[in-house]
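Here is what each chain is made of, one letter per residue.
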Amino acid sequence: MTQPIDPVELTVKLVRCASVTPVEGGALVELMGLLESAGFDCNRVDRGGVSNLYARWGDKGHGRSFGFNGHTDVVPLGDEAAWTMDPFGAEIKDGYLYGRGSTDMKSGVAAFAAAAVDFVRETPPDGAVILAITGDEEGDAVDGTVALLDWMKAQGEAMTVCLVGEPTCPDTMGEMMKIGRRGSMTAYFTVKGVQGHSAYPRRALNPVPVMARLMDRLASHVLDEGTDHFDASTLAVTTIDTGNTANNVIPAECRATVNIRFNDDHTSEGLIAWLRAEADKIAAESGAVVEMRTQVSGESFLTPPGELSAMVAKSVEAETGVVPEMSTSGGTSDARFVKDHCPVVEFGLVGKTMHQVDERVRVEQVHQLKGIYTRILQDYFA
Ligand SMILES: [Zn+2]
């Protein structure tokens with residue numbers, strides 16, 4: 001008889017792979033070895049200097065398939081001297097496993113890999129279990145989950161439903177799952193005036209008050225009051241600057257950046273049109289030139305509460321005794337790509353220390369997470 005896979009031991013092995021994006025660091029190789037030994041059909045899907053892993057147990061193309069999505073890349077250490085534990089040592093102390101990626105999200109990957117391997121060994125399901133694991137979630141994310149989904153499409157591979165194993169719980173294990181995410185976009189403005197002597201402002205066209213007026217209008221505009229499943233959309237002015245160090249010079253240019261997190265009341269296209277209109281209005285009023293460039297990180301999306309979210313919630317409650325809130329809060333995740341492929345929800349560990357110095361995970365919660373993922377698989381294929 002084969003022993004059950006210990007998700008903590010697997011997390012330790014993964015944390016010891018120094019896989020700061022885009023370095024693979026041995027993490028995917030480790031997983032591939034485990035999955036192949038359990039009969040998973042594994043494919044490395046590498047693109048643009050990034051490594052990804054696609055693993056499927058069961059036949060492709062007929063029957064249902066349950067997919068897990070996650071990443072093995074990690075963010076840089078930040079202030080290395082401030083770490084009290086070896087960031088790639090995976091040391092366990094006082095019930096916590098320490099290391100970069102211990103919560104975000106090598107423990108999540110280890111938990112679903114362990115659950116999947118044990119599940120197909122013990123109760124081979126009528127259908128497929130798929131693991132789509134990327135090495136490019138913390139970076140630009142262009143050659144990560146997107147590359148996996150492109151490859152899957154070309155190969156006729158499909159997930160019927162997908163669970164992303166990112167940390168979703170703010171403080172207590174089990175308290176929150178994500179059924180959607182807000183969209184995110186950034187706009188970069190440049191106001192071009194006329195440089196001049198500050199003693200003779202009439203001979204110049206000062207771009208700074210023009211920009212200040214524009215930013216005030218954008219920031220004080222109410223985008224919406226929130227929707228059924230989302231909080232109100234927000235706009236944050238993140239910088240206004242000229243780089244001007246002289247007190248007797250009116251600068252020629254002023255730049256500003258705004259970041260918008262938007263709900264399902266908006267699309268990036270609609271927001272860009274609004275920003276453009278406000279910029280044009282200010283330009284017409286002031287006589288300055290107002291340029292704008294935008295970058296869209298993702299549209300908002302929602303997997304309306306239904307079978308998939310109910311199944312996850314039931315498993316979380318059974319394992320932890322906590323009923324998870326179905327939330328759409330927080331930043332973006334790779335679910336924003338998966339949502340174009342199949343229904344997707346997210347559930348994972350307590351994310352308190354992710355991206356921080358001394359990132360750590362409660363060891364018992366990694367076992368709980370494997371338990372939850374196992375219940376979900378059993379329920380799905382029951
Ligand atoms: Zn993550």
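Residues numbered from 1 in each chain as written. Predicted model: local features only at pLDDT ≥ 70, side-chain atom pairs only at ≥ 80, totals over all residues. Heavy atoms only, no water.

**Student:** Any chance you could break down the pattern of salt bridges for me, citing the residues and the numbers?
**Tutor:** Tallying each qualifying case throughout the model produces 20 salt bridges. Here R255 makes a salt bridge to D241, at a shortest N to O gap of 3.5 Å. Within this pair, whereas R255 is found in strand 14 (residues 253-262), its partner D241 is found in strand 12 (residues 234-241), the two being separated by 14 residues in sequence. When its relative accessible area of 33% is taken as the criterion, R255 is described as partly exposed. For D241, a relative accessible area of 30% translates into the label partly exposed. (Salt bridge = Lys/Arg side-chain N within 4 Å of Asp/Glu carboxyl O. Helix = DSSP H or I, 4+ residues; strand = E, 2+ residues; numbered from the N terminus. Buried < 20%, exposed > 50% of the residue type's maximum accessible area, 1.4 Å probe, protein only.)

**Student:** Which residues make up the packing of helix 1 (residues 7-15) against helix 9 (residues 363-381), and what values do they have?
**Tutor:** Two numbers describe how helix 1 lies on helix 9: the axes approach to 9 Å, and their chain directions differ by 115°. Our classification of the angle between helix 1 and helix 9 gives roughly perpendicular. Each of P7, V8 and T11 in helix 1 lies in contact with helix 9, whose residues at this interface are V363, V366, H367 and K370. (Axes fitted to C-alpha atoms, helices over the stretch in contact; angles between N-to-C directions. Parallel < 35°, antiparallel > 145°, perpendicular 65-115°, else oblique. Contact = heavy atoms within 4.5 Å.)

**Student:** For the layout of surface pockets, give the residues involved together with the corresponding values.
**Tutor:** In this model, the largest pocket occupies a volume close to 490 Å³. Lining the largest pocket are 26 residues; nearest its centre among them are E137, G331, T332, S333 and R336. No other element matches strand 15 (residues 289-298), which puts three residues into the lining of the largest pocket. Looking at the lining of the largest pocket residue by residue, the classes come out as six nonpolar, ten polar and ten charged. Two domains each provide a minimum of three residues to the lining of the largest pocket, namely domain 1 (7-181 + 300-380) and domain 2 (183-298). If you add up the space inside the second largest pocket, you get close to 170 Å³. Along the walls of the second largest pocket sit Y96, T103, D171, V350, K352, T353, R360, V361, R362 and Q365, which together make up its complete lining. At three residues, strand 19 (residues 360-362) tops the list of elements feeding residues into the lining of the second largest pocket. Here the lining of the second largest pocket is composed, by residue class, of three nonpolar, three polar and four charged. (1 Å grid on protein atoms, 1.4 Å probe; cavity = no way out; pocket = protein on both sides within 12 Å on 5 of 7 lines; lining within 4 Å. Points joined across faces, edges and corners; volume = space filled by probe spheres on them. Nonpolar A, V, L, I, M, F, W, Y, C, P; charged D, E, K, R; others polar. Domains from an automatic or database assignment.)

**Student:** Kindly report on the sheet that holds strand 5 (residues 96-98), identifying the contributing residues and their values.
**Tutor:** Sheet architecture is open: three strands sit in the order 4-5-19, paired in antiparallel fashion. Only two strands of the sheet have a single neighbouring strand rather than two, namely strand 4 (92-93) and strand 19. Here strand 5 pairs with strand 19 via three bridges, running antiparallel. Counterpart to L97 in the pairing with strand 19 is V361. Across the sheet, helix 1 is in contact with strand 4 and strand 5; its angle to strand 5 comes to roughly 20°. (Pairing = 2+ DSSP bridges.)

**Student:** How would you sum up the side chain of R182? Please name residues and give values.
**Tutor:** Relative to the helices and strands, R182 resides in the loop between strand 9 (180-181) and strand 10 (183-192). We note that R182 is buried and unpaired, the nearest opposite charge coming from D231 at a distance of 5.9 Å. Apart from the residues within four sequence positions on either side, R182 is in contact with F230, A232, T234, R261, F262, E299, S300, T328, G330 and T332. (Lys, Arg positive; Asp, Glu negative; His and termini not counted.)

**Student:** Let's hear about the UniProt feature "domain: Peptidase M20 dimerisation" (unreviewed entry) in the protein chain: which residues, and what values?
**Tutor:** Within this structure's numbering, the places UniProt gives as "domain: Peptidase M20 dimerisation" (unreviewed entry) are residues 179-285. Taken end to end, residues 179-285 has its terminal C-alpha atoms 43 Å apart, with 30% of it in helix and 32% in strand. (UniProt positions renumbered as here; feature names shortened; annotations may be inferred.)

**Student:** Report on helix 6 (residues 268-286), specifying residues and quantitative values.
**Tutor:** Think of an α-helix as turning once every 3.6 residues; residues three or four places apart then point the same way. Here helix 6 is 19 residues long and its end C-alpha atoms lie 27 Å apart, about the 27 Å a rise of 1.5 Å per residue gives. Listed in full, the buried residues belonging to helix 6 are S268, L271, W274, L275, E278, A279, I282, A283 and S286. Next to the buried residues of helix 6 lie strand 10, helix 5 (207-220), strand 12, strand 14 and strand 15. Phi turns positive one or two residues past the end of helix 6, at G287, with a value near 85°. (Expected span 1.5 Å × (residues − 1).)

**Student:** So what's going on with the packing of aromatic side chains? Which residues, and what values?
**Tutor:** Enumeration according to the criterion identifies eight aromatic pairs in this entry. Taken together, F66, F68, F112, F119, Y373, Y380 and F381 form an aromatic cluster joined through their ring pairs. Positioned above the aromatic ring of Y96, the side-chain terminus of R360 is 5.8 Å from the ring centre. (Phe/Tyr/Trp six-rings, centres within 6.5 Å; stacked < 30°, edge-to-face > 60°. Lys NZ or Arg CZ within 6 Å of the ring centre and 35° of its normal.)

**Student:** Describe in detail the nonpolar core, supporting the description with residues and values.
**Tutor:** Ranked by internal contacts, the top residues of the largest apolar core, which has 63 residues, are L31, F40, F66, L131, F347 and Y373. Looking at this core, the element that brings in the most residues is helix 3 (residues 106-122), giving eleven residues. Beyond its immediate stretch of four places on either side in the chain, L131 contacts L35, F40, L53, Y54, A55, F68, F112, A113 and A116. In terms of nonpolar packing, the next biggest core, distinct from the first, is built from 25 residues, L214, M215, A256 and I282 among them. (Core = buried A, V, L, I, M, F, W, Y, C linked by side-chain atoms within 4.5 Å.)

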